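Architecture and fold: a report
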Amino acid sequence: MAGRLEWESIYRKSDDKMRHCSPVSVCTPKSPDSKSRLLPQLCATQRRATHQPHPALPGQAPSAYRALTVGRGPTEKTSNIPVLSAASRRQGARSPPRPRPRPRSRWGLNLQRAEAGSVDPQAGMESLGPDARCPVQEQRARWERKRACTAWELLETERRYHEQLGLVATYFVGILRAKGTVRPPERQALFGPWELIYGASQQLLPYLEGGRWGQGLEGFCPHLKLYTQYAANAERSRTTLQEQLKNKRFRKFVQLQEGRPEFGGLQLQDLLPLPLQRLQQYENLAVALAENTGPNSPDHEQLTRAARLISETAQRVHTISQKQKNNQHLQRVQALLSGRQAKRLISGRWFLRQGWLLVVPPRGEPRPRMFFLFSDALLMAKPRPPLHLLQSGTFACQALYPMAECQLHRVFGHSGGPCGGLLSLSFPHEKLLLMSTDQEELLGWYHSLTLAISNQKN
């Protein structure tokens, strides 16, 4: 009881002190102006505290916001904007973005307009507007551009080719015929039908310059036999040139003509293969020109026939050149082998590969041997002693193995390591173990042997 009376006396004394104190200046404005300044701030604070929208918002916003915040049901359909709590606003949470409307395509817009009656939906590509793209038209435009580029390349390269043919025909064939430096048989063997090829190019060039590609190439096809004749004479031409260059008079004449500024540093041996190189260009350009020409074009059939004939001629020329290269290889191998019997063994065969391999015997050390692989046989040769008086540097034939009876196996060397590998060749009466320390060399032999065996068995 005494404690309670003591606390009541203390409360009365503090209440008397508060009554006699002067009021705080912040709470009590000193002038009407200060009250008018504080009134808008107090109103804004009151609005934020009660979550009232700003007066500048539309008229429906206050009722919607009141319905969402206070909890009273709105009298009309309100907005779907989610209201965030104070904790979410303090954490920086954001409302989910509104879904953007999907862009409508031109077909959809035209369909909508067609339903309204302003656009015909069956109008096709015209209904898409002037900037619409048609895949068929774009493909035709690409074909036309490729056709124009191919025609331009054919024209420009033909002009350069015609110019080079004319240089050789004028400064070599014509002058040699007039001076008589070389006899007619040697001159014919050296240049072949060069002047006729030059005349054919001279007939083709005006058609190309006039844009009549189909007519020009079709008229050029009867002259393709000249290129076949020139290809058959190519090996003889190289041999004749090498023999004639031994003549001092002819060599001086060639050097004088090659020094002319019109040749641009080109030599006669560089110009002689020019017709065969041009035939390959004819094939590529004619085929490209025919492929990029529409079937409704007037020269489509002419270009197709010309491309087919040029391709067939190029294939025949390629076969002739391959045979000539094979004959050169056979002649070189015959020069390396000693003995008439060995030289007769390789005549008429198709050369594939040659190289050194180690023959692993059942006993003893591996012995190096030279192997010559042909399309139907494998020839093993032993090197002659270097001190041999007549046959040093040649090889003596030891054995000839038929590829049709061979069975090939790779003993080791599958992983492609640096240690090389070992091949096993089984024949009816003998078995060979061939080793090489070079992995790439052994892999090349394996592929060549596999090709030869498969060709013979098939």
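Predicted model only: the values in this text are computed from it and were never measured.

As a further point, take the overall build of the chain. Of regular secondary structure, the chain possesses 17 helices and seven strands. The buried share of the chain, reckoned over its 458 residues, is 31%. Relative to all contacts within the chain whose residues are 6 or more apart in sequence, the contacts with residues 24 or more apart total 55%. For the chain, the exposed area adds up to about 30800 Å²; of that, 54% sits on carbon and sulfur atoms.

A few words now on the environment of Gln-324. Tracing the sequence through the fold places Gln-324 in helix α15 (residues 300-336). Once the C-alpha coordinates of Gln-324 and Glu-235 are considered, the two residues, 89 residues apart in sequence, prove to be 6.8 Å apart.

Strand pairing in a sheet takes place through backbone hydrogen bonds and is either antiparallel or parallel in direction. Pairing is antiparallel across the open sheet formed by seven strands, whose spatial order is β4-β3-β2-β1-β7-β6-β5. Every other strand in the sheet has two partners, leaving β4 (395-402) and β5 (407-412) as the edge strands with one partner each. Ignoring strand direction, the axes of neighbouring strands in this sheet form an average angle of 35°. As defined by bridge partners, strand β1 (residues 351-359) adjoins strand β7 (residues 431-436) across two bridges and the pair is classed as antiparallel. Bridge pairing links Leu-358 to Met-435 in β7. Most of the contacts of α15 go to β1, to which it runs at about 35°, and overall it touches β1, β2 (367-374) and β4.

Moving on, we come to the packing of aromatic side chains. For the structure shown, the criterion picks out twelve aromatic pairs. Note on Phe-172 and Phe-263: the rings are 5.7 Å apart at their centroids and 80° apart in plane angle, and the pair reads as edge-to-face. Of this pair, Phe-172 sits in helix α6 (residues 135-179) while Phe-263 sits in the loop between α12 (248-258) and α13 (268-271); the two residues are 91 residues apart in sequence, bridging distant segments of the chain. As far as the burial class goes, Phe-172 and Phe-263 line up, both buried. Ring geometry for Phe-220 against Tyr-227: centres 6.1 Å apart, planes inclined by 65°, an arrangement best described as edge-to-face. For Tyr-227, a relative accessible area of 0% corresponds to the buried category. Taken together through their ring pairs, the aromatic side chains of Tyr-161, Phe-220, Tyr-227 and Tyr-282 make up a single cluster. Positioned above the aromatic ring of Phe-351 is the side chain of Arg-332, whose terminal nitrogen or guanidinium carbon lies 5.6 Å from the ring centre. Just above the ring of Tyr-446 sits the side chain of Arg-410; from NZ or CZ to the centre is 4.2 Å.

It is worth spelling out the side chain of Asp-299 at this point. As for its position among the elements, Asp-299 is in the loop between α14 (274-291) and α15. A distance of 3.2 Å separates a polar atom in the side chain of Asp-299 from a polar atom in the side chain of Arg-147. A polar contact is formed between the side chain of Asp-299 and the side chain of Ser-297, at a distance of 2.6 Å. Asp-299 has contacts with Arg-147, Trp-213, Gly-214 and Thr-293, leaving out every residue within four places of it along the chain.

Pairing geometry for β1 and β2, over eight bridges, is antiparallel. Residue pairing across strands places Gln-354 opposite Phe-372, the latter belonging to β2.

A few words on the confidence of the model for the chain. Averaged over the chain, the pLDDT score is 77; the fraction of residues at 70 or greater is 69%. Of all the helices and strands in the chain, helix α3 (residues 60-70) carries the lowest mean pLDDT, 41, while helix α10 (residues 224-232) carries the highest, 96. Per-residue pLDDT stays below 50 along residues 49-96; that stretch engages in 26 contacts with residues further than four places along the chain or on separate chains. Taken together, the stretch residues 100-130 has pLDDT below 50 and engages in 20 contacts with residues farther than four places along the chain or on a different chain.

Attention shifts here to the packing of α10 against α14. The geometry of α10 relative to α14 is characterised by a closest axis approach of 10 Å and an angle of 135° between their N-to-C directions. Classified by the angle their axes make, α10 and α14 are oblique. Where α10 crosses over α14, the two elements pack in a sense that is left-handed. Where α10 abuts α14, its residues Leu-224, Tyr-227, Tyr-230 and Ala-231 lie against Pro-275, Leu-276, Leu-279 and Tyr-282. The class makeup of the residues in the contact of α10 with α14 is eight nonpolar, no polar and no charged.

For α10, the complete set of buried residues consists of Leu-224, Leu-226, Tyr-227, Tyr-230 and Ala-231. Along the axis of α10, the buried residues cluster in a sector spanning 150°; they form a single face. Among the exposed residues of α10, those pointing more than 90 degrees away from its buried face are Lys-225 and Ala-232.

Before going further, it helps to spend a moment on α15. Helix length check: α15 (37 residues) gives 54 Å between terminal C-alpha atoms against 54 Å at 1.5 Å per residue, within 8%. For α15, every residue scored as buried is listed here: Leu-303, Ala-306, Ala-307, Ile-310, Thr-313, Ala-314, Val-317, Gln-324, Asn-326, Leu-330 and Val-333.

Our focus in this paragraph is the pattern of salt bridges. Scanning the model with the defined rule gives twelve salt bridges in all. Put simply, Glu-218 and Arg-305 hold a salt bridge, and the shortest N to O gap is 2.7 Å. Within this pair, whereas Glu-218 is found in helix α9 (residues 213-220), its partner Arg-305 is found in helix α15, the two being separated by 87 residues in sequence. Assessed through its relative accessible area of 34%, Arg-305 is described here as partly exposed. Linking Glu-312 and Arg-308 is a salt bridge whose minimum nitrogen-to-oxygen distance equals 3.6 Å.

Here we take up the nonpolar core. Residues Phe-172, Phe-191, Trp-194, Leu-217, Leu-272 and Tyr-282 are the most contacted members of the largest nonpolar core, which totals 51 residues. The leading source of residues in this core is α6, at twelve residues. Discounting chain neighbours no more than four positions away, the residues touching Leu-217 are Leu-154, Leu-204, Ala-286, Leu-289, Leu-303 and Ala-306. Within the second largest apolar cluster, 21 residues are counted, among which are Tyr-401, Leu-408, Leu-442 and Leu-449.

What counts, and at which threshold
- Residues numbered from 1 in each chain as written.
- Predicted model: local features only at pLDDT ≥ 70, side-chain atom pairs only at ≥ 80, totals over all residues.
- Heavy atoms only, no water.
- Helix = DSSP H or I, 4+ residues; strand = E, 2+ residues; numbered from the N terminus.
- Buried < 20%, exposed > 50% of the residue type's maximum accessible area, 1.4 Å probe, protein only.
- Contact = heavy atoms within 4.5 Å.
- Areas by Shrake-Rupley, 256 points an atom, 1.4 Å probe, with all protein chains shown as cover.
- Pairing = 2+ DSSP bridges.
- Axes fitted to C-alpha atoms, helices over the stretch in contact; angles between N-to-C directions.
- Phe/Tyr/Trp six-rings, centres within 6.5 Å; stacked < 30°, edge-to-face > 60°.
- Lys NZ or Arg CZ within 6 Å of the ring centre and 35° of its normal.
- Polar contact = N/O pair within 3.5 Å; in protein donor to acceptor, adjacent residues only side chain to side chain.
- pLDDT = per-residue confidence, 0-100.
- Parallel < 35°, antiparallel > 145°, perpendicular 65-115°, else oblique.
- Left-handed = near helix turned anticlockwise from the far one by under 90°.
- Nonpolar A, V, L, I, M, F, W, Y, C, P; charged D, E, K, R; others polar.
- Arc of directions from axis to C-beta.
- Expected span 1.5 Å × (residues − 1).
- Salt bridge = Lys/Arg side-chain N within 4 Å of Asp/Glu carboxyl O.
- Core = buried A, V, L, I, M, F, W, Y, C linked by side-chain atoms within 4.5 Å.

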